[in-house]
Amino acid sequence: MPGTPAPWHLAALLTLLALPATAGEPPPLEPIEVEQEIPVPPEVSASDYAARLLPDARHVLLTFRQADGLSQLATLRRDGGGFQCLTCGLELSSRGALGDVAPFQDMRRLMISTQEAPAGVEALRPLFGKGDIQAYILECAPSLLDCQQRAMLPVRHPADGFLQGVQNREHRLFPDDRHVLWTEVGVLDGPRMILGQLVRHASEYVVIEPRVFNPPYQLGEGPEGWTLGGRHFEANEIGLGGRTVMYQSQGSALNGDVFEFDLATGLHRRVTHHLDYSELSFPSPDGTRLAYTSARGLERTNVFTQVVRPSLIDMVAWSQLGRLALWNNRQCLNEMWLMDRQGERGTYGGQPLLLEEGWTLARKFDWFPDGTRALIKEERVGGKGKPGTWQRLRILRFPARAPTPPVPIVDISTLELERTTVPYDAYTGLAARQVPGRTIHGQHSGTATLTFLGSFSGGSWRVRYSDYSDDGESFLSGTESLTTPSPILLGRWEADLTVRGRNTGFLRGTLTLLGALAEHERIPFQGQVVSEVNGHRLEGVPTQDSCPLTPQPPLELLEARATGSTAGWAEVTVRVAARVADDPTARPVLGATVSIAGREVETNAEGVALLALPATPGEVLHLSARAGSFKPTAAAVTVDSP
């Protein structure tokens, strides 16, 4: 059966369902500061631009729209000088908006994606939402920084475009400059995450030896294989020098989470675990940290997820409800967070990257090679304004971090991809399988009856639960379904679920979603949804208009004491911590600056600052603590007698 793993691999794949976070004490929180703002020319600041860091870390790539509406790509020095348009005058600019941009390490080539109408049916573009997506490689001689000779070559995929039944999206380059990663969304079986080797021909690049790294699944009497096949997938960034791939999928039904796939071992690891939306992830070059986007603490999708259930129909439902959540709530759904690579465990999920309240990082985060800085683009929450007032390009730094070397680039040809991935033609997504009625058993008890009719391009999917339980503590009954004639035109989601046991509550809703009949900024919908679990009630689909805005976490002084001595000196101990959204634990802050009596000292990894200064018993000392991306705090402490 296509999509079925070899027996040796099945046990490893099933760990994907509930892989525990790696044990280990979470690291301290740390300051994040702005090093500089990068000025951009007026023709760039007047448009909604995007930015990437070039491999030399001294230049950036800017994607922007000219006054005539054409999308262009330019290079710029970090000081704002040296502006050079790379695509002006090329036919590429008239094909459609430029999307993903990925520079080669050789500094002579770029992979660029364009959002185009399918060839020959340009008049029907509104029916295709953002349109078809085509990848090209721009070759510059002698280099991207001195592009005197240009060549634009298309990239040929195993299947190219809507007319061949797919959309190829989210292109990424591996650091070996030889392999490419993307997500192919097929009209029959939905999304497949694929990697392949790029080979240059005379007038094009061709992807050869494509491999699918969606987890293979085996359909049995239990939920494991159905859940592996029932999830939605989208490939993301690349880590550990090319050994790992980050991607988004669902940890439970309609719960977007970050996952990591190891090309060397074939293991999939769930990185985020909370019930709200998480999507993009950006591994640090040394492999120790991860920047990721999340609605953690904002309850943006919890109305759909707090009744926890397996991801049996997310392969079709996510393309509807995930799109509804993102398009109607983009700034509030994708706040940037920073945590260690081990990922969430307990209530730890890292810290929000809130450099200034009212601004949000705009879905991209480019690390500098030594891991001490990053290129970011910020947008003012609440929408566009005058040019130069609602978006800005900046470099941030991590002052408590010492430079570290990046992980060496992996030679992917040395990895046994035939053992850890699936051949392109051997994987069929669950969305394309007809299931006229199949009853599976919960891992503990109860049943779920599945009825799947159609394909990703249109059909009906229904799950009926009867006292279903995977853990023996919560028991689910009721139905959930998704019906659509086309995922880009119309979808209807319905749920009437109740849960009893350790968790008690319900999820009820009927939503009709209209597709992208034009390039809407928001997805129109009708209907209502409400859920309640253990007395926590949520109602309605959150939108940007209801965004609560995450405040900067305030610093806390867990300890501030001064002990005098007979010699007229006082030993001062200050312990600095902070609590971030959705985490009640006061976690130590490394590198916070404590100021007292004209002296300053930084906290260690336990959040502790120690200093000695002249003072007498009974004297009142005024101290303060500050750290970038946190609200400062202050206190008065009286010197104790020795």
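See the structure printed just above.
Small disclaimer: the values here were computed from a predicted structure and weren't measured.

**Q** Explain the overall build of the chain here, please?
**A** The number of helices and strands found in the chain is 7 helices and 41 strands. What you see for the chain is a C-alpha radius of gyration of 26 Å, in line with the 26 Å of a compact globule of 642 residues. Each of the three principal axes of the chain carries a C-alpha extent, and together these read 85 × 70 × 50 Å. By the burial criterion, 57% of the 642 residues in the chain qualify as buried. Here the contacts in the chain between residues at least 6 apart in sequence split such that 57% fall between residues at least 24 apart. As displayed, the chain offers around 24500 Å² of accessible surface, 52% of which is attributable to carbon and sulfur atoms. For the chain, the separation between the mean place of its 59 positive charges and that of its 73 negative charges on side chains is 2 Å.

**Q** Just to check I follow, could you spell out a nonpolar patch on the surface for this structure?
**A** A cluster of nonpolar side chains, contributed by I488, L489, L490 and L514, occupies part of the molecular surface with about 280 Å² of accessible area. Tracing the backbone shows L514 in strand β31 (residues 505-514). Residue L514 is classed as partly exposed on the basis of its relative accessible area, which comes to 38%.

**Q** Help me understand the sheet that holds strand β24 (residues 391-397), please; the structure alone is not making it clear to me.
**A** Note: strands within a sheet are paired through backbone hydrogen bonds, in either parallel or antiparallel orientation. With respect to topology, 4 strands assemble into an open sheet ordered β1-β24-β23-β22, the strand pairing being antiparallel. Edge positions in the open sheet fall to β1 (33-38) and β22 (359-367), since each of these has one partner strand only. Neighbour-to-neighbour, the strand axes of the sheet open up by a mean angle of 35 degrees, direction not taken into account. Bridge count between β22 and strand β23 (residues 373-380): 6 bridges; the pairing is antiparallel. Note on β23: the bridge partner recorded for T360 is E379.

**Q** Could you clarify how one ought to interpret the pattern of salt bridges in this entry?
**A** Opposite charge on two side chains permits pairing when their charged atoms draw close. In the structure shown here, the tally under the stated rule is 45 salt bridges. Among the ionic pairs, E204 bridges to R156, the shortest N-O distance being 3.0 Å. Of this pair, E204 sits in the loop between β12 (190-200) and β13 (205-212) while R156 sits in strand β9 (residues 146-156), placing them 48 residues apart in sequence. A relative accessible area of 21% means that E204 is categorised as partly exposed. Classification of R156 by relative accessible area gives partly exposed; the value is 32%. Where E357 meets K631, a salt bridge forms, and the shortest distance between an N and an O atom there is 3.3 Å. In this pair, E357 is assigned in the loop between β21 (351-352) and β22 and K631 in the loop between β40 (620-626) and β41 (633-640), connecting sequence segments 274 residues apart. Owing to a relative accessible area of 37%, E357 belongs among the partly exposed residues under this scheme. Assessed through its relative accessible area of 34%, K631 is described here as partly exposed. Salt bridges sharing common partners tie together D100, R169, E170, R172, E234, E237 and K364.

**Q** Got a minute to help me understand the environment of G82 in this structure?
**A** Within the fold, G82 resides in the loop between β4 (71-77) and β5 (84-85). Between the C-alpha atoms of G82 and P27, which are 55 residues apart in sequence, the distance is 40 Å. With residues up to four places along the chain from it excluded, the contact list for G82 reads T75, L76 and R77.

**Q** Just checking my understanding: could you explain the sheet that holds strand β19 (residues 289-294) for this structure?
**A** Across the sheet, which stays open at both edges, the 4 strands sit in the order β18-β19-β20-β21 with antiparallel pairing between neighbours. Of all the strands in the sheet, just β18 (278-283) and β21 have a single pairing partner and so form its edges. Pairing of strand β20 (residues 335-340) with β21, which is carried by 2 bridges, proceeds in the antiparallel orientation. From the neighbouring strand, L338 faces β21, where its bridge partner is Q351.

**Q** It is not clear to me how the layout of surface pockets should be interpreted in this structure. Could you clarify?
**A** Unfilled space is identified by rolling a water-sized probe across the atoms. Of the pockets and cavities examined, the second largest pocket occupies roughly 1000 Å³. Lining of the second largest pocket is provided by 41 residues; of these, G251, S252, V308, R309 and D471 occupy positions nearest its centre. Of all the secondary structure elements, the ones that give two or more residues to the lining of the second largest pocket are α3 (224-229), β15 (244-252), β28 (458-469) and β29 (474-486). When its residues are assigned to classes, the lining of the second largest pocket shows 16 nonpolar, 15 polar and 10 charged.

**Q** Explanation requested: the state of the cysteines in the structure shown.
**A** Two cysteines form a disulfide when their sulfur atoms are joined by a covalent bond. For the coordinates displayed, the defined rule picks out 3 disulfides. A sulfur-sulfur separation of 2.1 Å characterises the disulfide bridge that pairs C85 with C88. Taking the sign of the S-S torsion, about 90 degrees here, the bridge from C85 to C88 comes out right-handed. Classification of C88 as partly exposed rests on a relative accessible area of 27%. Two residues, C332 and C547, share a disulfide whose sulfurs are 2.2 Å apart. An S-S torsion of about 80 degrees defines the bridge between C332 and C547 as right-handed. On the criterion of sequence distance, the pair formed by C332 in helix α6 (residues 330-333) and C547 in the loop between β33 (536-539) and β34 (555-564) is long-range, its members being 215 residues apart. Sequential numbering of the bridged cysteines in the chain gives the disulfide pattern 1-2, 3-4, 5-6.

**Q** Just checking my understanding: could you explain the nonpolar core for this structure?
**A** Formed by 69 residues in total, the largest nonpolar core has its most connected members in L198, F452 and W493. Within the second largest apolar cluster, 32 residues are counted, among which are L290, Y348, L613 and L621.

**Q** What is the right way to look at the packing of aromatic side chains in this model?
**A** Here the distance between the centres and the angle between the planes together describe a pair of aromatic rings. Counted according to the given criterion, the structure contains 12 aromatic pairs. The structure contains a cluster of three or more aromatic residues connected by ring pairs, namely F282, F365, W367 and F398. Seen from the ring of F259, R231 lies directly overhead, with NZ or CZ sitting 4.6 Å from the centre. Lying over the aromatic face of F368, R373 brings its terminal NZ or CZ to 4.3 Å of the ring centre.

**Q** Looking at this structure, I do not really get empty space enclosed by the protein. What am I missing?
**A** For the structure shown, the criterion picks out 5 cavities of 30 Å³ or more. Taken as a whole, the largest cavity encloses approximately 60 Å³ of empty space. Lining the largest cavity are G239, L240, T244, M246, E260, R269, P283, G287, R289, L290 and R341. Of all the elements in the fold, those that place two or more residues in the lining of the largest cavity are β15 and β19. Of the residues that constitute the lining of the largest cavity, the class distribution is 4 nonpolar, 3 polar and 4 charged.

The rules behind these values
- Residues numbered from 1 in each chain as written.
- Predicted model: local features only at pLDDT ≥ 70, side-chain atom pairs only at ≥ 80, totals over all residues.
- Heavy atoms only, no water.
- Helix = DSSP H or I, 4+ residues; strand = E, 2+ residues; numbered from the N terminus.
- Rg over C-alpha atoms; globule rule 2.2 N^0.38 Å.
- Buried < 20%, exposed > 50% of the residue type's maximum accessible area, 1.4 Å probe, protein only.
- Contact = heavy atoms within 4.5 Å.
- Areas by Shrake-Rupley, 256 points an atom, 1.4 Å probe, with all protein chains shown as cover.
- Lys, Arg positive; Asp, Glu negative; His and termini not counted.
- Charge placed at Lys NZ, Arg CZ, Asp CG, Glu CD.
- Patch = residues over 30% accessible without salt bridge, like charges linked within 9 Å, V, L, I, M, F, W, Y side chains within 5 Å.
- Salt bridge = Lys/Arg side-chain N within 4 Å of Asp/Glu carboxyl O.
- Pairing = 2+ DSSP bridges.
- Axes fitted to C-alpha atoms, helices over the stretch in contact; angles between N-to-C directions.
- 1 Å grid on protein atoms, 1.4 Å probe; cavity = no way out; pocket = protein on both sides within 12 Å on 5 of 7 lines; lining within 4 Å.
- Points joined across faces, edges and corners; volume = space filled by probe spheres on them.
- Nonpolar A, V, L, I, M, F, W, Y, C, P; charged D, E, K, R; others polar.
- Disulfide = S-S within 2.5 Å.
- Core = buried A, V, L, I, M, F, W, Y, C linked by side-chain atoms within 4.5 Å.
- Phe/Tyr/Trp six-rings, centres within 6.5 Å; stacked < 30°, edge-to-face > 60°.
- Lys NZ or Arg CZ within 6 Å of the ring centre and 35° of its normal.

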